[in-house]
Structure formats: structure tokens, C-alpha cells
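So the chains spell out like this:
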Amino acid sequence: MDKTYEPKNFEHEIYENWLNKGYFSASVNSDKKPFTIVMPPPNITGQLHIGHALDCTIQDAIIRYKRMQGYEALWLPGTDHASIATEVKIVEKLAEEGLTKKDLGREKFLRRAFEWKDKYGGRIVEQQQRLGISCDWEKSSFTMDSKCSKAVREVFVKMFNEGIIYRGDRIINWCPECKTAISDAEVEYESSQSHLWHIRYPFADGSGEIIIATTRPETMLGDTAVAVHPTDPRYKKAVGKMLVLPLCNREIPVIADEYVEKDFGTGAVKITPAHDPNDFEVGKRHNLPVINIMNGDATLNENAGAYAGLDRYEARKKLLEDLEKSGYLVKTEDHLNNIGHCYRCGNVIEPIVSKQWFVKMKELVSPAIAAVKNKEIRFIPKRFEKSYLHWMENTQDWCISRQLWWGHRIPVFYCEKCGNVSASVEDLEVCPKCGGKVHMDEDVLDTWFSSALWPFSTMGWPTETELYKKFYPTDALVTGYDIIGFWVSRMIFSGLKHTGKKPFGDVVIHGIVRDGLGRKMSKSLGNGVDPIEVIDKTGADALRISLVSGISAGGDIKFSSEKLEGYRNFMNKIWNAARFVLLNCENRNVKEIGSFRLTLADKWILGELNACIKRVTRLMDKYEIGLAAAQIYDFIWSEFCDWYIELSKTALYSDNDDKRDNTISVLLYVLRETLKLAHPIIPFITAEIYNALPNKDADDIMIAPYPKSAGIKTSTRILRASFRAELEQMRSVMELIKNVRAMRNEMNVSMTKRTALFVKPLGGNKALVKSASRYIEKLAGGNSLQIVDAEPEGKNVTVISSIAEVYIPMNELIDKDKEIARLNHELEIVESEIARASGKLANEGFVQKAPAALIDAEKAKLAKYKEQRETLKKSIENLIGE
RNA sequence: GGGAGCUUAGCUCAGUUGGGAGAGCAUCUGCCCUACAAGCAGAGGGUCAUAGGUUCGAACCCUAUAGCUCCCACCA
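Residues numbered from 1 in each chain as written. Chains lettered and ligands numbered in written order. Predicted model: local features only at pLDDT ≥ 70, side-chain atom pairs only at ≥ 80, totals over all residues. Heavy atoms only, no water.

## Details of the overall build of chain A
Each helix and strand in chain A was counted, giving 27 helices and 31 strands. On the principal axes, the C-alpha backbone points of chain A span a range of 120 × 65 × 55 Å. Looking at chain A as a whole, 55% of its 882 residues qualify as buried. For chain A, the accessible surface area stands at approximately 39,100 Å², while carbon and sulfur atoms represent 48% of it. Taking the average location of the 121 positive side-chain charges in chain A and that of its 122 negative ones, the two points are 3 Å from each other. (Helix = DSSP H or I, 4+ residues; strand = E, 2+ residues; numbered from the N terminus. Buried < 20%, exposed > 50% of the residue type's maximum accessible area, 1.4 Å probe, protein only. Areas by Shrake-Rupley, 256 points an atom, 1.4 Å probe, with all protein chains shown as cover. Lys, Arg positive; Asp, Glu negative; His and termini not counted. Charge placed at Lys NZ, Arg CZ, Asp CG, Glu CD.)

As C-alpha cells, then:
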């Protein structure tokens, strides 16, 4: 092994080997219980960012864990065509060449898009592989490949025929730049300083006027009413009367509707059903006409009369001038309001009435709500259930048509002869009704329409493939909380509706990755992190574990170079620990655990390992990867390296071959199990070291059995591995050692200055102290150790602990006054402990109501501290008396 | 406006069913001791946001308040 950890030297080779061996591919013929994850498909718009790396790491950790536990683990990868996002990118690129979509035409445009997909889709796979993820590449899907497209068509036609998909007029968000409808979720609101214009609308009978307030005066050209609140006394008499729309000379009624807020503006609001979603609803309630005044490019149309042809903002300006001239404009107020922008191009969106395709949500939502409420589908953490239910309960019909080219073309065919509209899985040439010529709908489907089918379309549904039969429904879905509404909810109702089964059981939600300052990573801030650059620098494992550590329960995660460096150091620590073990293996006879007598330290580390396995398993089962990682970190660094390796040196550096064989066998065993424990999170380094082990229990670590806390399995039996008594014993030995070390530090006696140690065991701890004496001597800086019954003659430094007192002959190196001061400080601490414990025991309520075990423990502590108090007092007296 | 979450050491966060406040980083002290200076041994540092309540006992449970974050809806 190299002296320092150099991930570059082995990560690639290890990954190639995994691919060649076919370890990632799941078999439909296996007898093993399946465990399935489908990957949330990254958009093909570009390269992966750090958020994907997080998403992938979590999934990979889960799938590797399950695979090692003996499941037939399938992780199905793929990519998403990302209709609007990709189309925008391609249009941008065309613009660089001086071309437009129209110049190319639909067919050539799509060819370009597929070229784009091949290029960027491939790049994404390369990046994912650098991360080391173990998905079944051969089963990889793309939302527009033939099997996914087939599922899309099947679903569309089915829902069309059932009347769940319908075409209708609705207010949709129109992006005048992208020239397409975008869903509500794709609108981003930005608060901006605007104006509230007050405009006079006179009554038709000349009996006065109503003043309305608006932020979008140009839409008044499409007004078909003015609404007031039914209980508003100011307008009580006005309801039912007619108003003359200024500049248009059209008459519109005054209506009463609860929607109006009395306190806003003037309490009277103009109603423009064609250009405002709320007004549209009001219009429906009152049977108002709908007048659309706008073209797709946000210029005004012929309904705008004199303003036709003008851009929306020019029209606003001119209209305001005209209103002012003719005295209709009462006043202009400053007003802060939220304006919707297209999430892709940033243009101000325009609510417009238009003909679009919709999915009727009413019947779809109730089974989807029930599946979560009756715990068939579980959100982890649970609180996201509320997000989901809230979204589901408030969702409106889903607008699924987009005026784009890149995507699944809507499989609807219009007969030019008889006007029949039909949906078909196969392309139609002629009308199925009259045989007349048909043409296909020009629009494509919302990207999420195909994403919604992802858990089963990727497995070949509607065909009952072997894959589908074995692996569907899937087990876990891992994704960010930001797409619960967009995606998770739609997969749930789609799965239930089309396959009759829930698409997955557990929804594991994680947060988003932020920078060190807690800001979202974004291009404009320039604080994004390229996972590949990080991997080049520190290796994939360090990236993986630093992403996953510190995340818990759907919380956001901060990513910083300090954190990354910390985990890179951890990798180095593992590397060197393994090097230590392997270097000491030479010429040693490796034995099976259980075939020789274990020392106190051996039993202790095996007990700690066992406890660690238990905790890690429990956490992994709860998808708490971050907390599991923390447990592993702690065990490897604080217990295995800092203590056991140090303890093992007393045996390893002795000349007793038996002891050396035994110790190296324990070291190897613990190392191997620890590597397996950590492998799901840090696959490369664990695999590289595992390959070098003389005690491998599988051809490759990724197919080795995951450690179990049930006990240590040997060839003949299972050993109990909790070693509870030894854990306690060793911990008190460690406490003693630490106390001596702390004293040395305080008294400026470096560890290199070895001293004699006189140890006086307390209570029944003589045997324990005796068996641990070599450890104490070595780790507490002794050059000799003697077990005594009383403090030796002469000046000594006294160190107290719960199992023993340690006396170190004081030579000229240690100052007497300083030692007295130190002991007095110790005494203060002990006194305060005595006060605390006796106070507690003097509390009647505590003694009566607290559990007996707790009271006993408190009494024992009190006794121990009292004993320590005596020791300290005596030592101080001795020193003063000298 | 509706909903969710957060507030613990200088920073980033853990803290399982209520039972003596933890880790990493940073700071300070001392160490190159044959795995590792990307390291080792120590130390300092906290009114667990605030105010009440329940309890023998509260970081944890309940109520209110303040500050921050996110999601949803979007008021003309």
C-alpha cells in the first residue's frame, strides 16, 4: 500500500472491475427478495451539480446496504428530456448560429435535440460513474425512449377515453418569450415596485361613477364587469347598474362577489376574465363574457381596438396617457406587488385564457391521499406528509399541454372532414370514424406527464415484463423536498391509477445543498461546486461522506471546503490504520475469532464494534445515512485507531508469537467488519483495502455479507459479541489513563518523559488493574508499573479515578505548590459533585418517585466521590506536611 | 394570508422513550512516540432563543412571544 491515501490511483480501476463483474445488474430470475430504487432522472440540460451528487450518494448507500444484506437490489437509472428547459437551451444555441426554430422546422429541430441528449446524457453517466454509484446501467432509461413513450401514449389514450383528459378553456400562465403555457409551479414570483392606478368608471345613466384600482390598466380593454363586495355599504345601490368602460364605450355591469376585499384599493375591482385567474372564476360564477385582448407574443389583438398591435407595456403607457387626457385617471399610487416570471427565461408571464389539455384531478387525488393516510406510502421524515397532503388536497386540474416541440407529442388526431377528435397509441393516417384526412395535435406534453410514469414505464409497463413483475412496486424513492408536488405526488396517483399499485413504499426526502454561508447554489452567485472537480482533488469517497454527513431528516446541508477536508483526512486515517494492520500481518498466522483466548482489550473492541453495528444498522434501516456515517466515523477514529490500535501494540511489539497472532487476528477481523460497515457510504477506499486483506470473506466487498450484531459467526458457532462487562471494565481503565495523561499535560510532563507508576486499586478492582497493567503503563507514560496497597513513601503526585489511585513519585520536575493547587482544584470538583448527588438524594420527591436503579447509581456515585475526597485531602496534607 | 421547520460552544451541527450538556472545525498548551503532522495527547469555551406551565426532575412535553428559513396561495 502507498504511504498516503491517493484515491486517483485506484478509484477508476475498482469501478471498471465492478462493471466487468456485473455486480450492478439485478437479475429477474433471482430467488432473493427484491429491493428497488428508481433514480430521479436528471435533466439532460447539462452536467450534474452537487445536489445530484447528494441524491446519488444517498441512493447508492441504500442500495449497496441492501445488496450486502442479501437483497436482489435494483437501482434503475435514467435521464429526463426536460421539455421546456432543454428546448430553451437548444433555441439559445440556434440563436448563436443565427437560426430560429422555424428556420429548422420540427423534424430537424428534434434531430438536434436528440443529438444534444446523446452528448449530455452521456456526460451525466460519466459523472455519475465517477461518484461510484452502483446502478444497473444496462437497464437505463430515457423519458423519450420507445418504452417510456409507449407508456405515455397508453396512459394518455386511456385517460382520454375515460374523459379524465379533456380540452378546455382555462386561464393558464403564458410565457410570451417561450410562447408556451407553463404550469403554475413553473412561475416564479418576484416582488417589485409598481403602481396602483385609480380609474373612474362612470355609470351609463349618468348618475355618478365608481372608481376602481388596478395594477394592469391595459387589461381594462377586456373588462366585462366591475365587482364589489356584497356587504359593502358604499356600493350597495350600485350593484346591478351598468357602467361605461372608458375609452371603449362598452357597457359592463356592476356585480357583487365575495371575492372582493373591501379594504383593498377602492373596494371595487374590474373583472377581466380572459387575463386573470381570479377574474376568470368570478366570470364563470356570473356568466360574464370572456374577451381576450392579447396575442401570443404579448401584443394586443383586434379586440383592443385602437391599441391593437401594440406591445403590452406600450399599450399600458398610451392607455394611461389617454385616460389622463380624458380625465378618467384619478390618481397613481406606489404599490408593491408580486409579478410572475417564467422560471426559464425570466420574462413576465401573462395569464391568458386559452385552449389547453387538462387532466381532471378530482378522481385521481382521493386514492393518492388514502395511500398516504393509511401508511401504504410513508414519507421520511414524516412531516413531509403534510406538504404532500396539502398539495394533493388543493390541486387543480393539471394543464398538460405545452406549445413546444421537444417532448411527447400529444397523441390526438383531428379529422379535417368530420371534425372527430380521437386519441391513439399508434399514429393515425385517417379518421377512424369517417376515413377522412387527419392531422396530429401540434403540442407536446408537460415533462412531468412522463416523469409521473417513471417507476413503471422504465420497467416496460404496460407490458407485464419479467422486470416489472419482479421489481415493481419499488421500495424507496429518494428525492428533494422541492419536487414533492411536481413529481412525487404525480407518481403516486399515476401509479395507483394505471398499475393499481403504489409506485413505492418509502419516500425518502432530503434537503438541498447550500454553500458554506447557507446560500442556495446558483449560477448567478457563482457559488456552485462541480462534483468532478472535487473528486479529482479529494476522491469520490471524501465527497460522498462529506455530503451525507450532517444531513438528517430532510434538512438542508451546507457544503464547505473545510468539511470536505475533514473527511479527506478521515479517509487518510482509514488508509493508515489499514496500513498499520497489513504491515503487521507479515509472517503472522491469522486465526479465526473464537479459536483463541481474547484479552480484555480484544473483548472491548469487539463489544464496541458490535454496538456500532447495531446502531449503524438501525440508522440505515431508517434511512439516516448521515447519522450512520457519524457512528462509523466515531468508531473508526476514536475507538479503533485511538485506542485499540494503541492497545494492540503492547502485544504486537512483544516477542510472544501467540499473542502477536491473536492480536493481529482481532485487528484484521475488526478492520474487515468495519470496512464492510462503511462500504455503502465510502465504496472505493473500503474496496481497495478489502482487496488487500488476508481474511476476505467474499470476492469483492460489495457482495460481501453486511455485518450483523447478532454475534460473531465462526465456522463452528456463533459467539456472543456484546461483552458488556468488558466494555465497562475497559472504559474505566481508559478513564484512569486519561486522568493520568491530563495530569501530565497540566503539569507539563510530556509523554516522552516516562515515569514509574504506583497503582492502588480501589474496591474489587485489583484483578482488573492487574490485567490492564500493561495498557496502563504504556498509554499513561510509565516506564514501570507496580500495584500497591497504599501510597508509597515520599513525595508523590496523586491521580484519582473510579477503579484506582495512581501515584507518581515526584522528582524535581514537578513543582510541589503547583501540585497542591492542582489537587485543590480536583477537590473542588469532587466537592461540587458530592453536593449535587447528596442534594438529589435529599430530595424526597426524587427518592420516592425516581426509578430504583437511578437512585442506586446516584448513591454509588456519592460513595465514590466521598472516597476520592478523602484521598485528595490526604494527599494534600502529605504535601503540606513535608 | 395558509402551512411546515429551525433557534444548543466562535462556526457547522448531533442529542433515540424526560434522569449529570456532545462531536467536527476554529482557538490555546505540549508532542515528529517504528500507521497516519491529512497526525498524537490535553485544555478552555454553552442562562440549550425568551417567558410561563406540567414533573421529584425539562435541551427534550405543553402554552405564549421573538427572530430566521422553506413550501403553498397570490389581493386587484
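## Quick word on the sheet that holds strand E13 (residues 329-342)
Pairing in this open sheet of three strands is antiparallel, and the strands run E8-E7-E13 from one edge to the other. Since the sheet does not close on itself, it has two edges, and those belong to strand E8 (209-214) and E13, each with one partner. In this sheet, neighbouring strand axes are inclined to one another by 20° on average, regardless of whether the strands run parallel or antiparallel. As judged from the 13 bridges shared by strand E7 (residues 187-202) and E13, these two strands associate in the antiparallel manner. From the neighbouring strand, glutamate 188 faces E13, where its bridge partner is histidine 341. (Pairing = 2+ DSSP bridges. Axes fitted to C-alpha atoms, helices over the stretch in contact; angles between N-to-C directions.)

## Some points on the protein's contact with RNA strand B
By nearness alone, 58 residues border RNA strand B, and Glu261, Tyr653, Glu833, Lys849 and Lys861 come closest of all. For RNA strand B, the fraction of atoms within 4 Å of the protein that belong to sugar or phosphate moieties is 54%. Residue asparagine 278 places a side-chain N or O atom 3.3 Å away from a phosphate oxygen belonging to RNA strand B. Residue tyrosine 653 places a side-chain N or O atom 2.5 Å away from a phosphate oxygen belonging to RNA strand B. Broken down by secondary-structure element, the contributors of at least two residues to the surface near RNA strand B are E13, helix H10 (384-394), helix H17 (561-583), helix H19 (625-652), helix H22 (724-746), helix H25 (816-842), helix H26 (844-849) and helix H27 (852-881). (Near = heavy atom within 4 Å. Polar contact = N/O pair within 3.5 Å; in protein donor to acceptor, adjacent residues only side chain to side chain.)

## Brief notes about the environment of cysteine 434
By the secondary structure assignment, cysteine 434 is in the loop between strand E19 (421-423) and strand E20 (438-440). For the pair formed by cysteine 434 and cysteine 418, sequence separation is 16 residues and the distance between their alpha carbons is 6.8 Å. Setting aside residues no more than four positions away along its own chain, cysteine 434 makes contact with Cys415, Lys417 and Cys418. (Contact = heavy atoms within 4.5 Å.)

## Here we look at unusual backbone geometry
Of note, the bond from isoleucine 380 into proline 381 is cis; its omega dihedral lies within 30 degrees of zero at 0°. For proline 381, the location among the structural elements is in the loop between strand E15 (378-380) and H10. Of the consecutive residues tryptophan 461 and proline 462, the connecting peptide bond is found in the cis state with omega at 15°. With a phi angle near 50°, alanine 82 is a residue other than glycine that sits in the positive phi range. With respect to the helices and strands, the residue alanine 82 is situated in the loop between strand E3 (78-79) and helix H3 (83-96). Assessed through its relative accessible area of 4%, alanine 82 is described here as buried. Its identity as a non-glycine residue notwithstanding, lysine 179 has a phi of 50°, on the positive side.

## Some remarks on the confidence of the model for chain A
Per-residue confidence for chain A gives a mean pLDDT of 91, with 99% of residues at or over 70. Predicted as a complex, the structure gets a pTM of 0.92 and an ipTM equal to 0.94. (pLDDT = per-residue confidence, 0-100.)

## Points about the sheet that holds strand E30 (residues 796-800)
Pairing is mixed across the open sheet formed by four strands, whose spatial order is E29-E28-E31-E30. With one partner strand each, in any of the chains shown, strand E29 (782-787) and E30 form the two edges of the open sheet. On average, each strand axis in the sheet is inclined to that of its neighbour by 25°, with strand direction left out of account. Inspection of the sheet shows E30 paired to strand E31 (residues 804-809) by five bridges, in the antiparallel sense. Note on E31: the bridge partner recorded for valine 799 is valine 806.

## Details of the pairing of strand E2 (residues 72-76)
Burial of E2 is extensive: five of the five residues sit out of reach of the surface. Along E2, one buried face is formed by Glu72, Leu74 and Leu76 and the opposite face, lined by Ala73 and Trp75, is buried too. Summarising the sheet, strand E1 (residues 34-38) and E2 pair through five bridges and their orientation is parallel. By the bridge assignment for E2, valine 38 is matched with leucine 76. Where the polypeptide runs from E1 across helix H2 (residues 50-68) and back to E2, its parallel neighbour, the crossover connection is right-handed. (Right-handed = clockwise from strand over helix to strand, strands pointing away.)

## What about the pattern of salt bridges?
Going through the model one piece at a time under the given rule, you end up with 50 salt bridges. The residue lysine 318 makes a salt bridge to aspartate 322 at a minimum N-O spacing of 3.8 Å. Taken together, the residues lysine 318 and aspartate 322, both in helix H8 (residues 312-325) and four residues apart, mark about one turn of the helix. Residue lysine 318 is classed as partly exposed on the basis of its relative accessible area, which comes to 37%. Linking arginine 869 and glutamate 831 is a salt bridge whose minimum nitrogen-to-oxygen distance equals 3.2 Å. Of the two residues, arginine 869 is situated in helix H27 and glutamate 831 in helix H25; the sequence distance between them amounts to 38 residues. For glutamate 831, a relative accessible area of 31% puts it in the partly exposed group. A cluster of three or more residues bridged by salt bridges with shared partners is formed by Arg588, Asp657, Arg660 and Asp661. (Salt bridge = Lys/Arg side-chain N within 4 Å of Asp/Glu carboxyl O.)

## Comments concerning the environment of proline 77
Mapped onto the secondary structure, proline 77 falls in the loop between E2 and E3. As for proline 77 and tryptophan 137, which are separated by 60 residues in sequence, their C-alpha atoms are 6.6 Å apart. Once residues lying within four places of it in the same chain are set aside, the contact partners of proline 77 are Met39, Cys135, Asp136, Trp137, Lys139, Ser140, Ser141 and Trp454.

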